[in-house]
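So you can see what is in the structure, the chains are spelled out below.
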Amino acid sequence: MNPKPRVAFFDFTCCEGCQLVFLSQEDVLLDLVSHVDIVNFREATSRREDGYDIAFIEGSITTDEDVERVRHIRARAKTLIAFGACSTTGGVNKLKNRKPLDEQLRTVCGQMEKYPNTIPVMAVPEVVPCEYLLHGCPVDGSELRRLFLCLVTGKEFRQSNVPVCFDCRLKENVCLYHKQIPCLGPITRAGCGAICPSYGVRCDGCRGLIDQPNLNAEHSLLREFGLTWERLVDQYIVFQEGVVLAGDRLAERGAD
Ligand code: SF4
Ligand code: SF4
Ligand code: SF4
């Protein structure tokens, strides 16, 4: 019998909510973990072992020490998973990169002789290659279960590559644009069950852009509301990486 895969969870700069999503799968948790050997998971066990096959990385890279640490983990793991928006795209943490670092430090810390060690925020795939990205802030529990099952059975995990609107329409929601609320569902990767628009809240794009977003359609919709990408970034959107990327791509194409 093959030994169970050794699994480790590591957290970097984040709220640790995605690890809690894993631990809150109470109905299947014992069954899930019975197929693996959890050798490192600060929120769940005191084991701290440096040999593992599969590593989940939660959080963003924000210091030089983080860069070294994530490279160390990458060198040991056969399979590396960027786990949650902080890790896959930089998530909320990337707001820090919108102003120069010294300006951000002065704003947050005031005048100091020596400022804390920090660097511009990077998503994990910007530093090391990852086998899988599990998107969302937080990750979706059912998608996490599916990934976990693929890992233990050796099957390939495929993430959704249709927009959130696809799930939203399946739920027969009234589109928020009809209520004058701008929404990033048309260009954001589905997989969350369109949870925000289902509760009347716009999609902020926490799962990042789909591979081939229909930027022209979203651009036209925003224009109808007198919104530009820049204003969207400034005033509305918390998960800015996808929106900034989308705006840049449109600008390259010369969209007005
Ligand atoms: S992706 Fe969201 S829930 Fe997950 S660790 Fe980051 S801030 Fe927390
Ligand atoms: S509410 Fe948002 S996600 Fe739903 S259909 Fe409209 S644009 Fe798409
Ligand atoms: S609807 Fe949008 S913001 Fe809400 S969880 Fe899904 S992808 Fe994230």
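Calculation rules
Sequence order as written defines the numbering, with residues in each chain counted from 1. To label them, take the chains in the order written and letter them from A, then take the ligands in the order written and number them from 1. Where local features are concerned, this predicted model is filtered to residues with pLDDT of at least 70; where side-chain atom pairs are given and counted, the filter is 80 or more; whole-chain, interface and lining totals use all residues. Calculation of side-chain values draws on the structure's entire complement of heavy atoms; hydrogens and water are dropped beforehand. Here a residue is near a molecule or strand as soon as one of its heavy atoms is found within 4 Å of it. We count a stretch as a helix when DSSP gives it H or I for four or more residues in a row; a strand needs E for two or more, and each element gets its number in order from the N terminus. Identification of polar contacts relies on pairs of N or O atoms within 3.5 Å, with a donor-acceptor requirement for protein atoms, meaning one able to donate a hydrogen and the other able to accept it, and with residues adjacent in sequence counted only if both atoms are side-chain atoms. We call two residues in contact whenever any of their non-hydrogen atoms come within 4.5 Å of each other. Under the scheme applied, nonpolar residues are Ala, Val, Leu, Ile, Met, Phe, Trp, Tyr, Cys and Pro; charged residues are Asp, Glu, Lys and Arg; polar residues are all the others, including Gly. Here the expected length of a helix is defined as 1.5 Å per residue gap, with one fewer gap than residues. Partly exposed residues are those whose accessible area sits between 20% and 50% of the maximum for their type, while under 20% is buried and over 50% is exposed, using a 1.4 Å probe and protein chains only. Arc definition: directions from the helix axis to the C-beta atoms. At least two bridges found by DSSP between two strands is the condition for calling them paired. Whether a crossover is right-handed depends on one test, that the path from the first strand over the helix to the second runs clockwise when the strands point away from the viewer.

Draft legend 1. Here's a closer look at the site of ligand 2. The environment of ligand 2 is formed by Val164, Cys165, Cys168, Arg169, Cys175, Leu176, Tyr177, Cys183, Gly185, Pro186 and Pro197. Take the shell around ligand 2: its biggest share by element is 4 residues, from helix H7 (residues 164-170).

Draft legend 2. Geometry of the side chain of Thr118. Mapping Thr118 onto the fold places it in the loop between helix H5 (101-109) and strand S5 (132-134). A polar atom in the side chain of Thr118 sits 2.4 Å from the side chain of Lys96. Those residues in contact with Thr118 that lie beyond four places of it in its chain are Thr62, Thr63, Lys96, Leu101 and Leu105.

Draft legend 3. Just the site of ligand 3, in detail. Taken together, Thr188, Cys192, Ile195, Cys196, Pro197, Cys203, Asp204, Gly205, Cys206 and Arg207 form the complete shell of residues around ligand 3. The class makeup of the residues in the shell around ligand 3 is 6 nonpolar, 2 polar and 2 charged.

Draft legend 4. Structural detail: helix H3 (residues 64-76). When the terminal C-alpha atoms of H3 are compared, their 19 Å separation across 13 residues agrees well with the 18 Å that a helix rising 1.5 Å per residue should span. Those residues of H3 that fall on the buried side of the exposure criterion are Asp66, Val67, Val70, Ile73 and Arg74. All buried residues of H3 fall inside an arc of 130° around its axis, so they share one side. The exposed set on the far side of H3, more than 90 degrees from its buried face, consists of Glu65, Glu68 and Ala75. Those residues of H3 hidden inside the fold are in contact with strand S1 (6-11), strand S3 (54-58) and strand S4 (79-83).

Draft legend 5. Here's a closer look at the side chain of Thr89. Assignment of secondary structure puts Thr89 in the loop between helix H4 (85-88) and H5. In this structure Thr89 comes out as buried when scored by relative accessible area, which is 17%. At a separation of 3.2 Å, a polar atom in the side chain of Thr89 contacts the main-chain amide nitrogen of Gly91. What Thr89 contacts, discounting residues up to four positions off in sequence, is Lys94, Ala123 and Glu241.

Draft legend 6. Up close: the pairing of S3. Where burial is concerned, most of S3 is hidden: 5 out of the 5 residues are buried. Of the two faces of S3, both are covered, the one formed by Ile54, Phe56 and Glu58 as well as the one formed by Ala55 and Ile57. Where S1 meets S3, 5 bridges bridge the pair, whose relative direction is parallel. Within S3, the position partnered with Asp11 by the bridge is Glu58. As judged from the 5 bridges shared by S3 and S4, these two strands associate in the parallel manner. Along S4, the bridge assignment pairs Phe56 with Ile81. For the handedness criterion, the β-α-β arrangement of S3, H3 and S4 is classed as right-handed.

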